[in-house]
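Notes for the structure review
The chain contents come next:
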Amino acid sequence: MARFSLYSSERWFRLRRAKLAASPVCELCPPDDRRQATCVDHKTPVQGDNDPLCWAWSNLQSLCWSCHSAKTARGREHGAVKTNKPRKGCDKFGRPIDPSHPWAQKPA
Ligand SMILES: [Zn+2]
C-alpha cells in the first residue's frame, strides 16, 4: 500500500498524528455527515520524502478511510483518469473483484 518508506517513518508518523489531532474529522465528507478521519492525505501528490510538499502542513488533509480509498483508487497518483467508475478488476477499496484472486483469500 505505501509507495514510499516515508509512510512508515517516525517523522511522517508524528506529522500525521499532529494533523489528525488538529483536524479529527474527514475534510471531504459532506458537512452533515462527517466521519472520523483516520488517514492523512497529501492534497497534491508528492514524489517522495525529499519533496517539500510532503511536509507542508497546507498540503495535508484529514480523510476518513472511505474518502481516502476513493481518492487513491482513482487519483492521479496512480495515473488513473479521473472517473467515478471503479478500476477494472478492483472494487473501490482496491481489492480484486475476482473471488479466485489470492488477495480475496486474505481477511480484509
Ligand atoms: Zn470522508
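The residue count restarts for each chain, going from 1 along the sequence in the order it is written. Two thresholds apply to this predicted model, a pLDDT of at least 70 for residue-level local features and 80 or more for giving and counting side-chain atom pairs, whereas whole-chain, interface and lining totals are computed over all residues.

**What about the overall build of the chain?**
Applicable threshold: A run of H or I in DSSP becomes a helix once it reaches four residues, and a run of E becomes a strand once it reaches two; helices and strands are each numbered from the N terminus. Around each residue's C-beta, the other C-beta atoms within 10 Å are counted; 20 or more make the residue buried, 12 or fewer make it exposed, and counts in between make it partly exposed. All C-beta atoms are placed from the backbone. The contact rule is simple: place each C-beta atom from the backbone, and if two of them lie within 7 Å, those residues are in contact.
Each helix and strand in the chain was counted, giving two helices and two strands. Along the chain, helices and strands appear, N-terminal first, in the series α-β-β-α. Out of the 108 residues belonging to the chain, those deemed buried represent 9%. Considering only residue pairs separated by 6 or more positions, the chain has 45% of its internal contacts joining residues 24 or more positions apart.

**Re the environment of valine 46**
Mapped onto the secondary structure, valine 46 falls in the loop between strand E1 (39-42) and strand E2 (60-63). The class for valine 46 is partly exposed, based on 19 C-beta atoms found within 10 Å. Spatially, the C-alpha atoms of valine 46 and asparagine 59 are 9.5 Å apart, while their sequence positions differ by 13 residues. Among residues more than four places away in sequence, those in contact with valine 46 are Asp51, Leu53 and Cys54.

**Thoughts on the environment of aspartate 49**
Here aspartate 49 shows up in the loop between E1 and E2. Taking the number of C-beta atoms within 10 Å as the measure of exposure, aspartate 49 has 14 and is therefore partly exposed. C-alpha separation for the pair aspartate 49 and arginine 11, spaced 38 residues apart in sequence, amounts to 9.8 Å.

**Considerations on helix H1 (residues 10-22)**
Convention followed: What a helix should span is 1.5 Å times the count of its residues minus one.
In this model H1 runs 18 Å from its N-terminal to its C-terminal C-alpha over 13 residues, within 8% of the 18 Å that 1.5 Å per residue would give. Of all 13 residues making up H1, only zero are buried, and the element is barely covered by its neighbours.

**Overview of the environment of tryptophan 55**
The topology assignment puts tryptophan 55 in the loop between E1 and E2. Sequence separation between tryptophan 55 and tryptophan 12 is 43 residues, and the spatial gap between their C-alpha atoms is 8.0 Å.

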